[in-house]
Amino acid sequence: QVHLVESGGGLVQAGDSLTLSCAASEVTFSGYAMGWFRQPPGKEREYVDVISWRGAKTYYADSVKGRFTISRDNAKNTVDLQMNSLKPEDTAVYYCAVHREKNYSDSYYYTSDFGSWGQGTQVTVSS
């Protein structure tokens, strides 16, 4: 399966910005939808955003819409998460993942549909 590595996390202040990157070094994820998820301390993992395999469609959780942007570069096997106007409630371990179904074209995504996960990168936002 695809091996993913997240990077770019760190400690920032509220209102600051961070860009996370997810890279695949074993197998290209071109042709698969990609998503970002996060797990706040003491809480369950939650959906952040998804980009379709062609990059034509993006979906965002209400809590990050307008502040976060997901993008992909299939030639480089990378997907990024640009995070602006960070809030303390954005503090979490962030994970990228690959959708299980190649060329999935529907508009409905579930966390369980993502089968390859990275190790996560910590984002901490102080007030």
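Residues numbered from 1 in each chain as written. Predicted model: local features only at pLDDT ≥ 70, side-chain atom pairs only at ≥ 80, totals over all residues. Heavy atoms only, no water.

A. Region of interest: the sheet that holds strand β7 (residues 68-73). Here four strands make up an open sheet; going across it, the order is β1-β3-β8-β7 and the pairing antiparallel. Every interior strand has two partners, whereas the edge strands, β1 (4-7) and β7, have only one. Direction aside, neighbouring strands of the sheet carry axes that sit 15° apart on average. With six bridges connecting them, β7 and strand β8 (residues 78-83) associate as antiparallel partners. When the sheet's bridge partners are listed, Ser71 is paired in β8 with Asp80. (Pairing = 2+ DSSP bridges. Helix = DSSP H or I, 4+ residues; strand = E, 2+ residues; numbered from the N terminus. Axes fitted to C-alpha atoms, helices over the stretch in contact; angles between N-to-C directions.)

B. Looking closely at the nonpolar core. Membership of the largest hydrophobic core comes to 27 residues, with the highest contact counts inside it found for Leu4, Trp36, Met83 and Tyr94. At the level of elements, β3 (18-24), β4 (34-39), β5 (46-51), β7, β8, β9 (92-99) and β11 (121-126) are the ones that each hand at least two residues to this core. Ignoring any residue separated from it by four or fewer positions in sequence, one finds Met83 in contact with Asp16, Ser17, Leu18, Leu20, Arg67, Phe68, Tyr94 and Val123. (Core = buried A, V, L, I, M, F, W, Y, C linked by side-chain atoms within 4.5 Å. Buried < 20%, exposed > 50% of the residue type's maximum accessible area, 1.4 Å probe, protein only. Contact = heavy atoms within 4.5 Å.)

C. Fine view of the pairing of β5. Of the pairings in the sheet, the one linking β4 to β5 comprises five bridges and is antiparallel in character. Its bridge partner being in β5, Gly35 is matched across the sheet by Val50. Hairpin connection, β4 to β5: the antiparallel pair is bridged by six residues, and Gly42 has positive phi, about 75°. In this sheet, strand β6 (residues 58-60) lies alongside β5 in antiparallel orientation, the contact comprising three bridges.

D. Region of the structure containing unusual backbone geometry. The phi torsion at Asn77 lies on the positive side, around 55°, for a residue other than glycine. By the secondary structure assignment, Asn77 is in the loop between β7 and β8. Positive phi, close to 50°, is recorded for Ser85, a residue that is not glycine. Among the secondary structure elements, Ser85 is positioned in the loop between β8 and β9. Judged by relative accessible area, Ser85 falls into the partly exposed class, the value being 41%.

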